Amino acid sequence: MPAKIPATIVTGFLGSGKTTLIRHMLQNAHGKRIALIINEFGDLGVDGDILQGCGEEVCAKDDIVELSNGCICCTVADDFIPTMEALLARSPAPDHIVIETSGLALPQPLVRAFNWPGIATRVTVDGVVTVVDGRAVQDGQFAHNIAAVDAQRAADDNLDHETPLSELFEDQIACADMIVVNKTDLLTAEEADGLAAQLRTDSRDGVQVVKTSMGALPVDVLLGQGIGAEGDLESRHEIHHHHHHDDDEDDHDDDHHHDHGHDEFESFIVTRDEVSDAAAFAAQVSAAIKANNILRLKGFVAVVGKPMRMTLQAVGPRVDTYFDQPFGDAPRQTRLVVIGEAGLDRSAITAALQA
């Protein structure tokens, strides 16, 4: 039985920066084959430049599907399920599927759809990523252009939910595994930190809140969360049990083209000798992650007396380990890559991991 294909759901209002985030991801996919389902709605059509710099090996023409007859969460059965089945039938199958919802979509019905027969055995929800317009939220609005959001809502005949934006925003936050506070270049450092702290408080435990500008988020942070959200609907229940609502999304948010690239994130490597107790070391790693706000940690561990190397991957405080292959002639050394927002206390983290 092949491993399930991971799917990442990207939600957020019109103009929050979803398209920019996805374009950045495609340009930095490093050969991962990514299929994209875009729920554009209205007469916007797929953003042509989402394909810029997206070579054939990352996403061929057929790897990008547009669902344009209304809000995805209102047309799950007729629209989304057949599209997923078609993508899964492709050969080679995609390595990862990314779904960009229309800005007014409720994420919960979409996550539930992954439990459908025929889908459930083949795909898993890797994580739900909610993108927020940091400047707008800081100013007490949820979107930079409320009128555009309302126009989208008016345009969708299939929209079977009318929900105030404030409630929709709460649902998008309640379902998130990761919240991306975008456009932090338009905020002071204090505003950005305060907003991130507030969103941490408002979301479920263990949800990662990251700050970006221009949607520049390392692919290793965005993809590979391994959450399995469809099996955990209890904790991410809709706060508001109204029908849905809708909008859709395109963001040329003043495309200021200076790319901040990855200066908001950093990664470094910690090495150490063999560890004597694998379980104790995994607990040590988890404690170091919590104490230092590390986003991702991955690498290989040499365990005393084991010929196989142990692979370790951590997303937030969840640490997964398994033995994958013999060390062979490679040095029996533990080597971990640490990824986080800029300003990590490298010496403290190194000391904690080498202890």
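Throughout, residues of each chain are indexed from 1 in the direction in which the sequence is written. Note on the predicted model: pLDDT of at least 70 is required for a residue's local features to be given, and 80 or more for side-chain atom pairs to be given and counted; whole-chain, interface and lining totals, by contrast, use all residues. Values shown for side chains rest on all heavy atoms present in the structure; no hydrogens or waters enter the calculation.

**Re the overall build of the protein chain**
The helix and strand labels rest on DSSP assignments: H or I over at least four residues marks a helix, E over at least two residues marks a strand, and numbering proceeds from the N terminus. Tallying secondary structure elements over the protein chain gives 10 helices and 12 strands in all. In the protein chain, which comprises 355 residues, the share counted as buried stands at 54%. Sequence-distant contacts, at least 24 apart, represent 83% of the contacts inside the protein chain between residues at least 6 apart. Only protein chains enter the calculation, and the probe is 1.4 Å; a residue is then buried if its accessible area is under 20% of its type maximum, exposed if over 50%, and partly exposed in between. We call two residues in contact when some of their heavy atoms are within 4.5 Å.

**Description of the pairing of strand β9 (residues 296–301)**
Residues in a regular strand point their side chains to alternate faces of the sheet. Here, a strand pair is defined by DSSP locating no fewer than two bridges between the strands. Bridging between β9 and strand β10 (residues 308–315) involves 6 bridges; their strand directions are antiparallel. Paired with Gly 299 across the bridge in β10 is Leu 312. Connecting the antiparallel pair β9 and β10 is a turn made up of 6 residues, with Gly 305 showing a positive phi of about 85°. Here 5 bridges tie β9 to strand β12 (residues 334–341), and the two strands are oriented antiparallel to one another. Residue pairing across strands places Gly 299 opposite Leu 336, the latter belonging to β12.

**Points about the nonpolar core**
Of all hydrophobic cores here, the largest spans 23 residues; its most connected members are Met 25, Val 98, Val 180 and Leu 217. At the level of elements, α1 (18–27), β2 (34–38), β5 (123–133), β6 (178–182) and α8 (219–222) are the ones that each hand at least two residues to this core. Within the second largest apolar cluster, 21 residues are counted, among which are Ala 7, Leu 88, Ile 99 and Val 125. Here, nonpolar core refers to any group of buried Ala, Val, Leu, Ile, Met, Phe, Trp, Tyr and Cys residues whose side-chain atoms link them within 4.5 Å.

**Remarks on the packing of helix α9 (residues 278–292) against helix α10 (residues 346–354)**
At a closest axis distance of 9 Å, the pairing of α9 and α10 adopts a crossing angle of 165°. On the basis of the axis angle, α9 is roughly antiparallel to α10. Crossing of α9 against α10: the hand is right-handed. The residues of α10 that touch α9, namely those facing Phe 281, Gln 284, Val 285, Ala 288 and Asn 292, are Ala 348, Ile 349, Ala 352, Leu 353 and Gln 354. Axes, fitted as lines to C-alpha atoms, cover a helix only where it is in contact. Angles between the N-to-C directions of the axes lie from 0 to 180 degrees. Angles are sorted into four bins: roughly parallel if under 35 degrees, roughly antiparallel if over 145, roughly perpendicular if 65 to 115, and oblique for all others. Take the far helix as your reference; a near helix turned counterclockwise from it by less than a right angle gives a left-handed crossing, and one turned clockwise gives a right-handed crossing.

**Re the confidence of the model for the protein chain**
Of the residues in the protein chain, 70% have a pLDDT of 70 or more, and the chain-wide mean is 75. pLDDT expresses, on a scale from 0 to 100, how confident the predictor is about each individual residue. Here strand β3 (residues 64–66) is the element of the protein chain with the lowest mean pLDDT, 63, and α10 is the one with the highest, 93. Long-range and interchain partners of residues 42–46, a stretch whose pLDDT sits below 50, account for 9 contacts in this model, where long-range means more than four residues apart.

**Quick word on the pattern of salt bridges**
Think of a salt bridge as a Lys or Arg side-chain nitrogen and an Asp or Glu carboxyl oxygen that are within 4 Å of each other. This structure, assessed with the given rule, holds 7 salt bridges. In this structure, Glu 191 and Arg 135 form a salt bridge, with 3.5 Å as the shortest nitrogen-oxygen distance. Here Glu 191 is found in helix α7 (residues 189–202), whereas its partner Arg 135 is found in helix α4 (residues 134–138), with 56 residues between them in sequence. Exposure remark for Arg 135: the relative accessible area of 23% places this residue in the partly exposed category. In this structure, Arg 332 engages Glu 274 in a salt bridge whose closest nitrogen and oxygen atoms are separated by 2.7 Å. Pair noted here: Arg 332 is in the loop between β11 (318–326) and β12 and Glu 274 is in the loop between β8 (265–272) and α9, with a separation of 58 residues, a long-range link.

**Structural notes on the sheet that holds β9**
Across the sheet, 5 strands lie side by side as β8-β12-β9-β10-β11; this open sheet has antiparallel pairing. The open sheet is flanked by β8 and β11, the only strands paired with a single partner. Neighbour-to-neighbour, the strand axes of this sheet turn through a mean angle of 15°, independent of strand direction. α10 rests against β8, β9 and β12 of the sheet, and its axis sits at about 35° to β8.

**A short note on the side chain of His 96**
Mapped onto the elements of the fold, His 96 is located in strand β4 (residues 96–100). We define a polar contact as two N or O atoms separated by no more than 3.5 Å, with the added condition that, inside protein, one atom must be a possible hydrogen donor and the other a possible acceptor, whereas residues neighbouring each other in sequence contribute only through side-chain atom pairs. At a separation of 2.7 Å, a polar atom in the side chain of His 96 contacts the side chain of Thr 8.

**Looking at α7**
Residues that lie three or four places apart on an α-helix share one face, since the helix turns once every 3.6 residues. The span one expects for a helix is its residue count, reduced by one, times 1.5 Å. Under the 1.5 Å per step criterion, the end-to-end length of α7 is 20 Å for 14 residues, consistent within 8% with the ideal 20 Å. When α7 is considered as a whole, its buried residues turn out to be Ala 192, Leu 195, Ala 196 and Leu 199. Projected onto a plane normal to the axis of α7, the buried residues spread over an arc of 100° and lie on a single side. α7 presents Glu 190 and Thr 201 as exposed residues on the side facing more than 90 degrees away from its buried surface. In this structure, the buried side of α7 is in contact with β5, α4, α6 (165–175), β6 and β7 (208–211). When we speak of the arc, we mean the arc of directions from the helix axis to the C-beta atoms.

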